[in-house]
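Residue strings, one per chain:
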Amino acid sequence: MGFFKKIFGGGGGAEPQFEVVENRLCTDLTRYQVRVRKHGQEMYVEELFQAATKTKDLQFGRFFLLNENPFNPHFAPSLEEAIDWFKGRHLPKDGYPSIFWGKEVSFQCSICHKEATAPLFITKVEQLSVYTNVPMLMEIVGWRVIEVASDLMGPGMPCKILDMFKTKPIIKWFNPKSKFICLGCAHRLTGMGRQAELEDYVIF
Ligand SMILES: [Zn+2]
C-alpha cells in the first residue's frame, strides 16, 4: 500500500492545513469490498470495471467500503467535494442519504446537559485509489476526511453509527476521556470538595 503525504491549504490563513494520505486498494486481491454509486445505481467496483470500455465509463458519484467497522465517510470524486460534503455544502443529489459532520462540534455537560460548540478542523484527508490489473489497468480515485481536531479534544476520527435505524455522524476522539463537564458544574463539584471526580472529565 502506497503511503505519501502532502500538505495542502494555508493560503490566507483562514483554513488550517491538512495532510493528504494516499492509499491503494487492488480489487484483484480483495474482491467485493467497494460499492460504487453512479447515476442513482449501486454496484460493486468490479462490475463498474467490467462494464467500462472508455475512461468516461469510470466516472462515479461516490463509493464506500463495505468491510469497515465503524463506518467512515463515503469517498467523493474530488478533494473539493470531500471537504464540501463533510461540511454539509453541495451535498450529492444521487438519491442516497447524505450525512455530514459540519464545521462545529458540540459538547454536552454530563451533569446539567448544558451544550457548547467549538470549531472542527479537518486535519487529514484520505486519497484512495481502487484499481484492477485484470485484464488491464483501470482505477478510480476517491477522497474523504479521515481525521479532524478541536482545540478542546485534540484529534479524532469521523465515523457513522446506526442509532434507532438512522445513520448518525459522530467523532471518535483519540482522547481517552469521553465525558464532559461545564465550568459551572466543575466549580460546584470543587466547592463540595469533590474535585477528585473531575479527573474523569474534560472541562469546557
Ligand atoms: Zn454543567
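Look up a bit, the structure's there.
These numbers come from a predicted model, not from an experiment.

**Things to note about the overall build of the protein**
Right, on to step 1. Looking only at helices and strands, the protein features three helices and 13 strands.
Right, on to step 2. Each principal axis of the C-alpha distribution contributes one length, and for the protein these read about 70 × 40 × 30 Å.
Right, on to step 3. By residue count, 42% of the 204 residues in the protein fall in the buried class.
Right, on to step 4. Of the contacts made within the protein by residues no fewer than 6 positions apart, 51% connect residues no fewer than 24 positions apart.

**A short note on the coordination of the zinc ion**
Right, on to step 1. The protein atoms that coordinate the zinc ion are Cys109 (SG), Cys112 (SG), Cys182 (SG) and Cys185 (SG), at distances of 2.3 Å.
Right, on to step 2. In this structure, the zinc ion is surrounded by four donor atoms whose angles at the metal cover 104 to 115°, and the resulting shape is tetrahedral.
Right, on to step 3. In primary-sequence terms, the residues that donate to the zinc ion follow C-x2-C-x69-C-x2-C. Here Cys109, found in the loop between strand 6 (104–108) and strand 7 (115–119), pairs with Cys182, found in the loop between strand 12 (179–181) and helix 3 (183–191); they are 73 residues apart in sequence, far enough to count as distant. As far as the burial class goes, Cys109 and Cys182 line up, both buried.

**Side note on the packing of aromatic side chains**
Right, on to step 1. Scanning the model with the defined rule gives eight aromatic pairs in all.
Right, on to step 2. Relative to Trp173, the ring of Phe107 lies with its centre 6.3 Å away and its plane at 35°, an arrangement referred to as tilted. Note that Phe107 is positioned in strand 6 and Trp173 in strand 11 (residues 166–173), a separation of 66 residues in sequence.
Right, on to step 3. Taking relative accessible area as the criterion, Phe107 reaches 3% and is therefore assigned buried.
Right, on to step 4. An aromatic cluster of at least three residues, connected via ring pairs, comprises Phe107, Trp173, Phe180 and Phe204.
Right, on to step 5. Sitting above the plane of the Trp85 ring, Arg62 keeps its charged end 5.7 Å from the centroid.

**Brief notes about the pairing of strand 5 (residues 62–65)**
Right, on to step 1. Going residue by residue along strand 5, you find Arg62 and Phe64 tucked away on one face and Phe63 and Leu65 tucked away on the opposite face as well.
Right, on to step 2. Summarising the sheet, strand 3 (residues 34–38) and strand 5 pair through four bridges and their orientation is antiparallel. Bridging from a neighbouring strand, Arg35 pairs with Phe64 of strand 5.

**Notes on the pattern of salt bridges**
Right, on to step 1. Enumeration according to the criterion identifies ten salt bridges in this entry.
Right, on to step 2. Between Arg144 and Glu68 there is a salt bridge; the shortest N-O distance is 2.8 Å. One end of the pair, Arg144, is in strand 9 (residues 138–150); the other, Glu68, is in the loop between strand 5 and helix 2 (79–87), with 76 residues separating them in the sequence.
Right, on to step 3. Taking the relative accessible area as the measure of exposure, Arg144 reaches 5% and is therefore buried.
Right, on to step 4. With a shortest N-O distance of 3.3 Å, Lys168 and Asp163 are connected by a salt bridge.
Right, on to step 5. Among the residues examined, Lys168 registers a relative accessible area of 36% and is labelled partly exposed.

**Describing the sheet that holds strand 5**
By definition, the strands of a sheet pair up through backbone hydrogen bonds, in either a parallel or an antiparallel sense.
Right, on to step 1. Here we have three strands laid out as an open sheet, ordered 4-3-5, and antiparallel in their pairing. With one partner strand each, in any of the chains shown, strand 4 (41–44) and strand 5 form the two edges of the open sheet. Averaged over all pairs of adjacent strands, the angle between their axes in this sheet comes to 25°, without regard to strand direction.

**Some thoughts on the environment of Phe64**
Right, on to step 1. With respect to the secondary-structure elements, Phe64 resides in strand 5.
Right, on to step 2. Considering only alpha carbons, one finds Phe64 and Glu104, 40 residues apart in sequence, at a separation of 24 Å.
Right, on to step 3. Discounting chain neighbours no more than four positions away, the residues touching Phe64 are Gln33, Val34, Arg35, Glu42, His74, Phe75 and Tyr96.

**Let's talk about helix 2**
One full turn of an α-helix is made of 3.6 residues, so residues set three or four places apart face in the same direction.
Right, on to step 1. When you tally the buried positions in helix 2, you get seven out of nine residues, the bulk of the element.
Right, on to step 2. Along helix 2, the positions that sit buried rather than exposed are Leu79, Ala82, Ile83, Asp84, Trp85, Phe86 and Lys87.
Right, on to step 3. Of the residues trailing helix 2, Gly88 is marked for its positive phi of about 95°.

Cut-off values and rules
Residues numbered from 1 in each chain as written. Predicted model: local features only at pLDDT ≥ 70, side-chain atom pairs only at ≥ 80, totals over all residues. Heavy atoms only, no water. Helix = DSSP H or I, 4+ residues; strand = E, 2+ residues; numbered from the N terminus. Buried < 20%, exposed > 50% of the residue type's maximum accessible area, 1.4 Å probe, protein only. Contact = heavy atoms within 4.5 Å. Donors = N, O, S within 2.8 Å, 3.2 Å for Na, K, Ca; no water. Tetrahedral: all angles 85-135°; square planar, octahedral: opposite > 155°, others 65-115°. Phe/Tyr/Trp six-rings, centres within 6.5 Å; stacked < 30°, edge-to-face > 60°. Lys NZ or Arg CZ within 6 Å of the ring centre and 35° of its normal. Pairing = 2+ DSSP bridges. Salt bridge = Lys/Arg side-chain N within 4 Å of Asp/Glu carboxyl O. Axes fitted to C-alpha atoms, helices over the stretch in contact; angles between N-to-C directions.

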